[in-house]
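# Per-entry structural report
One letter stands for each residue in the lines below.
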Amino acid sequence: MAANTLRVVSRDEAPDARRRLIEIRGLGKTYRTRDGDVPSLKPIDLDIREGEFISVVGPSGCGKSTLLKLVAGLIPATEGEILIDGTRVTEPPDDVGIVFQSPVLLAWRTVLRNVMMPVEVRRLDRATHLARARELLATAGLSDFENKYPWQLSGGMQQRTAICRALVHDPKIVLMDEPFGALDAMTREHMNLELQRIHFATRKTILLITHSIPEAIFLGDRVVVMTDRPGSIAAIYDVPLPRPRTLEMMGTPVFAELAQQVRAHFYARGQID
Amino acid sequence: MASRRPGHSVHAFFNSPSVKPVALLVVLVVLWDVSVRLFKVPPYLIPAPWDVLMAFRTEGVMLLQEAVPTTIATVSGFALSALIGIPLAMMIAGSKTVESYLYPLLVFSQSIPKVAIAPLFVVWFGFGMVPKVISAFLLGVFPVVVAGVQGFKSVESDMRDLARSMKASRLQTFAMVSLPHAMPAIFAGLKVSVTLAVVGAVVGEFVGANSGLGFVLQRSIGNFELPTMFAALIMLALIGVILFWIVDVVERLCVPWHASQRQDVFATA
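Residues numbered from 1 in each chain as written. Chains lettered and ligands numbered in written order. Predicted model: local features only at pLDDT ≥ 70, side-chain atom pairs only at ≥ 80, totals over all residues.

This brings us to the overall build of chain B. Counting its secondary structure elements, chain B contains 10 helices and 0 strands. From first element to last, N terminus to C terminus, chain B shows the α and β order α-α-α-α-α-α-α-α-α-α. Here chain B has a C-alpha radius of gyration of 23 Å; the compact-globule value for 269 residues is 18 Å, and the former is much larger. Considering only C-alpha atoms, chain B reaches an extent of 70 × 70 × 30 Å along its principal axes. Across the 269 residues of chain B, 33% fall into the buried class. Residue pairs at least 24 apart in sequence account for 78% of intrachain contacts in chain B once pairs closer than 6 positions are excluded. (Helix = DSSP H or I, 4+ residues; strand = E, 2+ residues; numbered from the N terminus. Rg over C-alpha atoms; globule rule 2.2 N^0.38 Å. Buried ≥ 20, exposed ≤ 12 C-beta atoms within 10 Å, placed from the backbone. Contact = placed C-beta atoms within 7 Å.)

All names here are of chain A. Alignment of strand E1 (residues 20-33) against strand E4 (residues 79-84), held across 5 bridges, turns out to be antiparallel. Opposite isoleucine 24, over in E4, you have isoleucine 82 as the bridge partner. Alignment of E4 against strand E5 (residues 87-88), held across 2 bridges, turns out to be antiparallel. The partner of leucine 83 across the bridge, within E5, is arginine 88. Between the end of E4 and the start of E5, which pair antiparallel, lie 2 residues, with aspartate 85 showing a positive phi angle near 55 degrees. (Pairing = 2+ DSSP bridges.)

Before going further, it helps to spend a moment on unusual backbone geometry. All names here are of chain A. Cis geometry is adopted by the peptide bond preceding proline 244, which originates at arginine 243 and carries an omega value of 0 degrees. Counting through the fold element by element, proline 244 comes out in the loop between strand E10 (233-238) and helix H8 (253-268). Despite not being glycine, valine 104 has its phi angle at roughly 35 degrees, a positive value. Owing to 23 C-beta atoms within 10 Å, valine 104 belongs among the buried residues under this scheme.

So, about helix H6 (residues 129-153) of chain B. Between its first and last C-alpha atoms H6 of chain B spans 36 Å; for 25 residues at 1.5 Å apiece the expected length is 36 Å, and the two agree. Along its length, H6 of chain B shows its largest kink, about 30 degrees, at glycine 140 of chain B, and proline proline 143 of chain B lies within four residues downstream of that point. (Expected span 1.5 Å × (residues − 1). Bend = angle between axes of the 7 residues up to and from the residue.)

All names here are of chain B. Along the chain, the position of alanine 93 falls in helix H3 (residues 49-94). Overall, the presence of 22 C-beta atoms within 10 Å leaves alanine 93 in the buried class. On a C-alpha basis, the gap between alanine 93 and histidine 11 in space is 49 Å, while along the polypeptide they are 82 residues apart. Apart from residues lying up to four places away in sequence, alanine 93 is in contact with Val149, Phe152 and Lys153.

A separate point is the nonpolar core. All names here are of chain A. Val56, Val71, Cys164, Leu175, Leu207 and Val223 are the most contacted members of the largest nonpolar core, which totals 77 residues. If you tally residues by element for this core, the top one is helix H5 (residues 155-167), at 6 residues. What cysteine 164 contacts, discounting residues up to four positions off in sequence, is Val115, Ala133, Leu136, Leu137 and Ala140. (Core = buried A, V, L, I, M, F, W, Y, C linked by C-beta atoms within 7 Å.)

The subject of this paragraph is the interface of chain A and chain B. Interfaces are often sized by the accessible area lost when the parts come together. On the chain B side, the residues contacting the 22 residues of chain A number 19 residues. Those elements that provide at least two residues to the side of chain A that touches chain B are strand E6 (96-99) and helix H3 (117-121) of chain A. If one sorts the elements of the side of chain A that touches chain B by residue count, H3 of chain A sits on top with 3 residues. Split by residue class, the side of chain A that touches chain B holds 17 nonpolar, 3 polar and 2 charged. (Nonpolar A, V, L, I, M, F, W, Y, C, P; charged D, E, K, R; others polar.)

So, on to the packing of helix H5 (residues 114-125) of chain B against H6 of chain B. Residues and elements named next belong to chain B. Where H5 meets H6, the axes come as close as 9 Å, and the angle between the chain directions of the two elements is 145 degrees. Pair H5 / H6 crosses with right-handed handedness. For the pair H5 and H6, the contacting residues are Lys114, Ala118, Phe121, Val122 and Phe125 in the first and Val130, Pro131, Ile134, Ser135, Leu138 and Leu139 in the second. The residue makeup of the contact of H5 with H6, split by class, is 9 nonpolar, 1 polar and 1 charged. (Axes fitted to C-alpha atoms, helices over the stretch in contact; angles between N-to-C directions. Left-handed = near helix turned anticlockwise from the far one by under 90°.)

Right under this line is the structure:
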């Protein structure tokens with residue numbers, strides 16, 4: 001059942017020709033707790049190419065977030081390794097921006113100063129990045145709100161601010177851990193379109209963790225399906241939909257068939273959440 | 001709106017936030033006066049409000065003079081509480097080791113009644129300001145530490161991960177995330193602390209001082225001068241209220257972003 005189904009993608013620029021940016025080799029994670037070792041991630045292998053949009057979908061507690069934290073260098077791997085641009089990840093890499101499920105904005109900073117936070121922490125040039133931050137906020141439709149505080153913004157606007165913050169130092173890679181999980185369905189669709197536009201405009205390599213199958217398919221070049229704890233990769237699907245994708249595509253047979261295929265992995269195991 | 005009936009404006013006056021507590025106070029004083037008259041309470045048990053007012057007239061200058069050392073002791077004790085309590089909270093929240101060694105001892109020390117050990121400070125530091133300040137500090141520091149630890153510890157794990165993903169140094173994480181995050185909790189602790197510091201100062205004056213409102217309290221009880229004693233109590237309460245209010249104003253200036261300080265709710269799309 002866990003046979004890896006790999007199909008050739010029908011994209012204009014043959015993705016296989018693109019450089020491998022993230023290489024995950026035999027990566028596994030076991031949490032040591034008082035009650036013994038809890039395996040969270042079985043050894044997995046995954047290559048992500050430059051500019052690729054990878055969605056990871058799986059049930060709760062399947063180690064999706066663990067995978068993201070490992071790639072972000074926030075927790076050490078128990079076995080295996082991750083290479084970013086050929087360099088082994090041992091600490092948080094510079095070329096990565098992260099978006100969490102909650103916006104985690106600093107309540108005492110204005111929107112603009114929140115976006116500028118990575119610049120301050122990394123001691124980057126303020127003037128050039130300030131212009132960049134303003135530009136990002138403008139594309140996110142937040143220009144009028146740059147001097148507002150996070151609590152004055154709606155949930156969707158807060159998350160857009162968090163995305164701007166992840167992009168401000170122009171990282172090659174953006175890691176997103178269920179970034180729209182806390183948003184209502186309509187805002188979520190809107191944010192999906194927004195994220196696709198950002199991906200198209202910036203050509204970032206994006207690793208998106210989600211528990212929404214439609215979201216994973218709508219956004220991803222490839223969809224990585226993970227099994228329940230301890231997590232491992234059940235299958236990787238190429239998404240044969242052309243870009244830019246529209247919300248209407250969600251109604252097409254191709255989309256429905258793929259969604260059904262992905263869903264089958266969870267129903268076969270008698271669970272989805 | 002155009003026709004402002006007199007009844008309406010009276011209603012508005014009594015509903016304004018600054019008038020409400022004063023109105024309640026007036027009602028309480030009237031009740032006090034009525035019950036003293038009605039139940040014929042002898043003045044050596046409870047003096048009538050008018051007698052207390054007279055005490056202010058005759059001894060007001062003395063009370064104000066005595067309020068000065070009490071206020072100094074309170075403010076010094078409170079300042080020490082903040083200066084020592086906040087770094088202590090930082091250390092306890094920052095290190096499991098420090099927490100396991102220090103926190104239980106701190107709680108243990110709080111269970112010792114300060115009134116019982118206050119005479120010791122007189123023995124150690126003599127009459128005067130020092131024992132009062134120490135007593136005020138000992139009462140004031142605990143709430144600052146407890147609130148501070150709570151504040152520093154309540155930083156979400158995602159927030160910590162965010163800082164770590166930017167390779168923030170410990171100092172940067174502290175200055176940019178932990179400290180501002182803990183400020184509302186610290187201020188809550190400081191507010192409790194400042195009122196307790198007044199109590200601490202008076203305890204210090206009870207056992208070892210020849211000046212201050214605590215000393216006046218003891219002397220007037222000894223001489224059955226209950227109006228003076230009540231007047232001194234009111235002075236103490238006023239010191240507490242004013243100091244609390246000052247902390248409140250500083251809080252407004254320091255953490256205007258916090259939920260408790262938000263006045264206008266901004267609606268967004």
